[in-house]
Amino acid sequence: MACVGFFLLQGAWPHEGVHRKPSLLALPGHLVKSEETVILQCWSHVMFEHFLLHREGEVNDTLCHIGELHDGVSKANFSIGPMTEDLAGTYRCYGSVTYSPYQLSAPSDPLDIVITGLYEKPSLSAQPGPTVQAGENVTLSCSSQSSYDMYHLSREEGGRERRLPAGPKVNGTFQANFPLDPATHGGTYRCFGSFRDSPYEWSDPSDPLLVSVTGNPSNSWPSPTEPSSKTGNPRHLHVLIGTSVVIILFILLLFFLLHHWCSNKKNAAVMDQEPAGNRTVNREDSDEQDPQEVTYTQLHHCVFTQRKISPPSQRPKTPPTDTSVYTELPNAEPRSKVVSCPRAPQSGLEGVF
């Protein structure tokens, strides 16, 4: 507490904004019931020797604690309570180092500490109902007989609170309608009422209202401190990667076996067709080996003679005087030509074969 008195004696607030701002949070929460105690924790990764807690609008409400180092974080806990109307308000904290006590860090983000339980609780209802389909609109109505100026909607699972001014009185009640558009998440909601001249003093909370969303894999909003579902579970990620690798290897093995089977089948088909092809080639080769060695049999006047016939290129240009007809004899070795014998006028005989 010595640093607080020192600052007040100087008659001026020390220069601020030299160091990076710390963070301020309320444990267990910033909504504090009357006569209960709340812990305000100021912490930073900067190694501050002192932390100062200040309530806005109050010059004398500045507390100073020595920072303690835990797991690489410097922090100080300020106990506020038992909670009364005088302790509610907006708080900020600062950090300082010993060698420059007049140079404070930038202020933390503001934190509103609200006292609840001072007035009659309102009622909370859902239209068209507390159970809706994913993507369907739903409206939460906070109403009361008391003429509250402002209504506040809070969600137990976390998230930013919402507030709306009270609407015109309808059927003897004051109310405010909070649309949840679209209703993609469920949760447990409560609402409070407050007056314009005392914004940090709220009524008792309404009875909890559970909003359920069907057709949605998650029925609740992730709180600001919860990790996003996109980050995933490392263990589940490893399982997914392992399964993907196994599937890829199985596909490659199946492709290899199919390719090998197709290659074997193709080779077997080629081997089955190869003898016929060879036989065809051999026959053609035998036909073309020596066209000059073809032997023909010529019947001339019914007398059989054999002679070799020269190829067309070696034949004389003058056609022979005798007319002979050549016929190829199948299966003859060597191949022979059978010639039909023309009718001989001298003897009247025919060649019979």
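Model, not experiment: these values are computed from the prediction.

Let's shift gears to a nonpolar patch on the surface. A cluster of nonpolar side chains, namely Ile241, Val245, Ile248, Leu249 and Leu252, defines an oily patch on the protein surface of about 480 Å² accessible area. Topologically, Leu252 is positioned in helix H2 (residues 234–288).

Our next topic: the confidence of the model for the chain. Looking at the chain, pLDDT values average 74 and 63% of them are 70 or higher. Note on residues 8–12: pLDDT is under 50 here. Beyond four places in sequence and across chains, it has four contacts. Within the model, pLDDT remains below 50 along residues 276–341, and this stretch shows 69 contacts once partners closer than five positions in the same chain are excluded.

Further remarks concern the sheet that holds strand S2 (residues 23–27). An order of S2-S4-S8-S7 is seen for the four strands of this open sheet, with the pairing classed as antiparallel. Here the strands that pair on one side only, and so sit at the sheet edges, are S2 and strand S7 (68–70). The sheet shows a mean angle of 35° between the axes of neighbouring strands, direction not considered. Here S7 runs beside strand S8 (residues 73–80); their pairing, made up of three bridges, is antiparallel. Bridge assignment links His70 to a residue of S8, and that residue is Val73.

Another aspect to go through is the state of the cysteines. For the structure shown, the criterion picks out two disulfides. Here Cys42 connects covalently by a disulfide to Cys93, the sulfurs 2.0 Å from one another. Around the S-S axis, the bridge from Cys42 to Cys93 shows a dihedral of about 75° and counts as right-handed. One end of the pair, Cys42, is in strand S4 (residues 38–44); the other, Cys93, is in strand S9 (residues 89–97), with 51 residues separating them in the sequence. Of the two residues examined, Cys42 and Cys93, each falls in the buried class. Between the sulfur atoms of Cys142 and its disulfide partner Cys191 the distance amounts to 2.1 Å. Every disulfide takes its handedness from the sign of the S-S torsion; for Cys142 and Cys191 that torsion is 80°, giving right-handed. Of the two residues, Cys142 is situated in strand S14 (residues 138–144) and Cys191 in strand S18 (residues 187–195); the sequence distance between them amounts to 49 residues.

Enumeration over the complete set of coordinates arrives at six aromatic pairs. The interplanar angle of 90° and the centroid separation of 5.2 Å between the aromatic rings of Tyr119 and Phe195 together place this pair among those described as edge-to-face. Here Tyr119, found in the loop between strand S11 (111–116) and strand S12 (123–127), pairs with Phe195, found in strand S18; they are 76 residues apart in sequence, far enough to count as distant. Each ring, one from Tyr148 and one from Phe195, has its centre 5.2 Å from the other, and the planes form 55°; the classification is tilted. On the criterion of sequence distance, the pair formed by Tyr148 in the loop between S14 and strand S15 (150–155) and Phe195 in strand S18 is long-range, its members being 47 residues apart. A connected cluster of aromatic rings, assembled from ring pairs, spans Tyr119, Tyr148, Tyr151 and Phe195.

Applying the stated criterion across every chain, the model contains six salt bridges. Of the charged contacts, one joins Lys21 and Asp109 as a salt bridge, the two residues approaching to 2.8 Å between their closest N and O atoms. In this pair, Lys21 sits in the loop between strand S1 (15–19) and S2 while Asp109 sits in the loop between strand S10 (100–105) and S11, placing the two residues 88 residues apart along the sequence. Residues Lys121 and Asp207 are paired through a salt bridge, measuring 2.8 Å at the closest nitrogen-oxygen approach. Remark: Asp207 occurs in the loop between strand S19 (198–202) and strand S20 (209–214) and Lys121 occurs in the loop between S11 and S12; sequence separation between them is 86 residues. On the accessibility criterion, Lys121 (40% relative accessible area) is partly exposed.

Within the largest apolar cluster, 20 residues are counted, with the highest numbers of intra-cluster contacts made by Leu24, Val38, Leu40, Leu53 and Ile113. Listed by contribution, the elements that provide at least two residues to this core are S2, S4, strand S5 (50–55), S8, S9 and S11. The contacts of Leu53, once residues within four sequence positions are left out, are Leu24, Leu40, Asp61, Thr62, Leu63, Phe78, Ile80, Tyr91, Arg92 and Cys93. In this structure, Ala126, Cys142, Ala183 and Tyr189 belong to the second largest nonpolar core, which totals 19 residues.

Moving on, we come to the pairing of strand S17 (residues 174–180). Residues of S17 alternate between two faces, with Phe174, Ala176, Phe178 and Leu180 buried on one and Gln175, Asn177 and Pro179 left unburied on the opposite face. In terms of strand pairing, S14 meets S17 through seven bridges, oriented antiparallel. Of the residues in S17, the one forming a bridge with Thr139 is Pro179.

Take a negative patch on the surface next. A cluster of acidic residues, Glu35, Glu58, Glu85 and Asp86, forms a negative patch at the surface. In this fold, Glu35 is placed in the loop between strand S3 (31–33) and S4. With a relative accessible area of 54%, Glu35 lands in the exposed category.

Within the element layout of this structure, Ser154 appears in strand S15. Using a relative accessible area of 14% as the deciding quantity, one classes Ser154 as buried. The residues touching Ser154, leaving out its near neighbours within four places in the chain, are Leu31, Glu161, Thr188, Tyr189, Arg190 and Phe192.

If you walk across this open sheet you meet the three strands as S12-S14-S17, and the pairing is antiparallel. What marks the edges here is a single partner per strand, and that holds for S12 and S17. Strand-to-strand twist across the sheet, computed as the mean angle between neighbouring axes with direction ignored, equals 20°. The pairing of S12 with S14 spans five bridges and is classified as antiparallel. Note on S14: the bridge partner recorded for Ser123 is Ser143.

Criteria and cut-off values
- Residues numbered from 1 in each chain as written.
- Predicted model: local features only at pLDDT ≥ 70, side-chain atom pairs only at ≥ 80, totals over all residues.
- Heavy atoms only, no water.
- Patch = residues over 30% accessible without salt bridge, like charges linked within 9 Å, V, L, I, M, F, W, Y side chains within 5 Å.
- Areas by Shrake-Rupley, 256 points an atom, 1.4 Å probe, with all protein chains shown as cover.
- Salt bridge = Lys/Arg side-chain N within 4 Å of Asp/Glu carboxyl O.
- Helix = DSSP H or I, 4+ residues; strand = E, 2+ residues; numbered from the N terminus.
- pLDDT = per-residue confidence, 0-100.
- Contact = heavy atoms within 4.5 Å.
- Pairing = 2+ DSSP bridges.
- Axes fitted to C-alpha atoms, helices over the stretch in contact; angles between N-to-C directions.
- Disulfide = S-S within 2.5 Å.
- Buried < 20%, exposed > 50% of the residue type's maximum accessible area, 1.4 Å probe, protein only.
- Phe/Tyr/Trp six-rings, centres within 6.5 Å; stacked < 30°, edge-to-face > 60°.
- Core = buried A, V, L, I, M, F, W, Y, C linked by side-chain atoms within 4.5 Å.
- Lys, Arg positive; Asp, Glu negative; His and termini not counted.
- Charge placed at Lys NZ, Arg CZ, Asp CG, Glu CD.

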